[in-house]
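Listed here are the chains, written in short residue letters.
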Amino acid sequence: MRIAVASGKGGTGKTTVAANLAVTLARHGQTVAYVDCDVEAPNGHLFLKPIPVGEVGVSRLVPRVNPGQCLRCGACARFCRFNAIVCLTDRTLVYDELCHSCGGCVRVCPSEALTEVPHPMGVVKTGVAGAVRCVSGTLDVGESTSPPVIRAAKQAAPPASWVILDAPPGTACPMVETVRDCDYVLLVTEPTPFGLHDLRLAAEVMRTLHLNFGVVVNRADPGAPETRAWCEQGRVPILAEIPDSAAIARAYAQGRLIVEALPGLEPLFDQLIARLGAEVHREIREEGGVLA
Amino acid sequence: MKLAVSTQGPEPGSPVDTHFGRARFFRVLDTETGQQTVLDNADGAGVVQGAGPRAVQRLCRLGVQAVLTGHVGPKARTALEAATIEAYAVEGGTAEEAVRVFMAGQLRAIVPAAGGGQLGHGPRISVRQCLHPLETRAGQSREPAGSGSA
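Chains are numbered independently. Their residues run from 1 in the order of the written sequence. As they are written, the chains are lettered A onward and the ligands numbered 1 onward, keeping that order. Predicted model: local features are reported for residues with pLDDT of at least 70 only, side-chain atom pairs are reported and counted for 80 or more only, and whole-chain, interface and lining totals are derived from all residues. Excluding hydrogens and water, the side-chain figures rest on all heavy atoms present in the structure.

A look at the overall build of chain B
Threshold: Comment: elements are numbered from the N terminus, with helices defined as DSSP H or I runs of at least four residues and strands as E runs of at least two. Summary of the burial criterion: residues with accessible area below 20% of their type's maximum are buried, those above 50% are exposed, and those between are partly exposed, where the area comes from a 1.4 Å probe applied to protein chains only. The contact criterion used throughout is that any non-hydrogen atoms of two residues lie within 4.5 Å. Method for areas: the Shrake-Rupley scheme with a 1.4 Å probe, in which residue coverage is limited to the protein chains shown.
In terms of helices and strands, chain B carries six helices and six strands. Along chain B, from the amino end to the carboxyl end, the secondary structure elements read β-β-β-α-α-β-α-β-α-β-α-α. Burial analysis of chain B (150 residues in total) assigns 47% to the buried set. Nonlocal contacts in chain B, meaning residues at least 24 apart in sequence, comprise 50% of its contacts between residues at least 6 apart. Total accessible area on chain B stands at roughly 7,300 Å², and carbon and sulfur atoms take up 51% of it.

Section: the overall build of chain A
Basically, it comes down to this: Only four residue types enter the tally: Lys and Arg on the positive side, Asp and Glu on the negative side; His and the chain ends are excluded. In this description, the location of a charge corresponds to atom NZ of lysine, CZ of arginine, CG of aspartate or CD of glutamate.
A count of helices and strands for chain A gives eleven helices and eleven strands. Considering only C-alpha atoms, chain A reaches an extent of 70 × 45 × 40 Å along its principal axes. The contacts of chain A with a sequence gap of at least 6 include a subset with a gap of at least 24, amounting to 74%. For chain A, the separation between the mean place of its 27 positive charges and that of its 30 negative charges on side chains is 2 Å.

Structural notes on the sheet that holds strand β11 (residues 238-243) of chain A
Residues and elements named next belong to chain A. As a reminder, the rule being used: Strands were regarded as paired on the criterion that DSSP finds at least two bridges between them. Only the contacting stretch of a helix is used when fitting its axis, a line to C-alpha atoms as for every element, and angles between N-to-C directions run 0 to 180 degrees.
Sheet architecture is open: nine strands sit in the order β3-β6-β7-β2-β8-β1-β9-β10-β11, paired in mixed fashion. Since the sheet does not close on itself, it has two edges, and those belong to β3 (51-65) and β11, each with one partner. Averaged over all pairs of adjacent strands, the angle between strand axes in this sheet comes to 20°, irrespective of strand direction. Each of β9 (184-189), β10 (213-220) and β11 touches helix α8 (residues 225-233); the most contacted strand, β11, lies at about 175° to it.

Things to note about the confidence of the model for chain B
In plain terms, the rule: Note on scores: pLDDT gives the predictor's confidence for each residue, bounded by 0 and 100.
Of the residues in chain B, 75% reach a pLDDT of 70 or more, and the chain-wide mean stands at 80. Considering only residues more than four positions removed or in separate chains, one finds that residues 115-150 of chain B, a stretch of pLDDT under 50, has 71 contacts.

Details of the pattern of salt bridges
All names here are of chain A. Put simply, the test is: Within this document, salt bridges are pairs made up of a side-chain nitrogen of Lys or Arg and a carboxyl oxygen of Asp or Glu, the two lying within 4 Å of each other.
Summed over all chains, the structure comprises 15 salt bridges over all chains. Notably, a salt bridge pairs E143 with R60, separated by 3.1 Å at the nearest N-O pair. With E143 in the loop between β7 (132-139) and α5 (147-155) and R60 in strand β3, this pair connects stretches of sequence that are 83 residues apart. R60 sits in the buried class, given a relative accessible area of 5%. For R282, the salt bridge goes to E279, with nearest N and O atoms at 3.0 Å. Remark: E279 and R282 occur in helix α11 (residues 266-291); sequence separation between them is three residues, near one turn of the helix. Residue R282 is classed as partly exposed on the basis of its relative accessible area, which comes to 29%. Overlapping salt bridges, with partners in common, bring together K9, E190 and R219 in one network.

Here is the structure:
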């Protein structure tokens, strides 16, 4: 099962949910891989504290101009939708940081003046945290397109019965890249106007991508009436409510998992995996039914 | 010499646009012939990224040697340097006033022209590299290619 933990709003508790979920599944004897796809600010390692195992670089292809062959015709610059190539009268410039590595410029060049070379853009680290296999992608500072590093991190995930993908915040390409081929998505929200606003946006992405999803409310006030009302109206299941508690905040600040620092809250995550399992299997049954 | 002023409107009395790459218009003036043209930058102003270098490409191909504008971003700066186009800071006012102040020698250069040759004709010019000028490659022509688009 591939489960993504995403949100619209940042700071709602994706990593808290993903890391505690991974450890809880492992405690129940499952094989688990945790993949930190928040490559612009990976922080799952702060809580899971994996022992490093390996590290591979991630690169993307960018064009290089051979000035001797370049006609300065501007075909490449006209083709590039991202303005990564500028053709001046006596030279052609490439802005690596704007290039989206589509390779189109190389194809349209009439004089074979462009070749593609790898441009380093990040790293994927693997490690082991107890029974949880960890993968973490990190985008280099100054790089603006994270999906290639996210793809590399996902590909580096070892086979496991549960792969937990910790998504970046937002609803743009990095989040889409993370959730796109998952079996189920947990959307973590908080009972604030921003939390609900961004939950709606994230839910819209899930529906557009035809992904099954449920909600985890973090820092839940008793009831969280507005979030609850919205979920009921849209028939979105709430799989867990994590209480708004100073003890949780303290554990978080010390880099500790809820299920390790606060044993009293273990049943909350046991219940989450039970409901998650039920949801995933219900969705599979229903989809099977539709197909039949 | 050919000057370009980034402006908010097409008229000579239009206010200067202090954003270089995303300026709505460029007023291009030939100081020798007095001939003036207006370049509509609507498509360039609206691009998601790379507005600055894109504007430099257009001005370079028109033979512009200096731009009067407000703020020049880092990518526009490297492109201006590579194109040996000078940039001068204008505080505000109209296009006409900017040209008058420039002709009186009272504008501050924000991108000096001298840098062009030092950037080199290397196969790669990125912002990062341009912060540390490269050697000019030996044996390469500095002559403009002349014929523009193929």
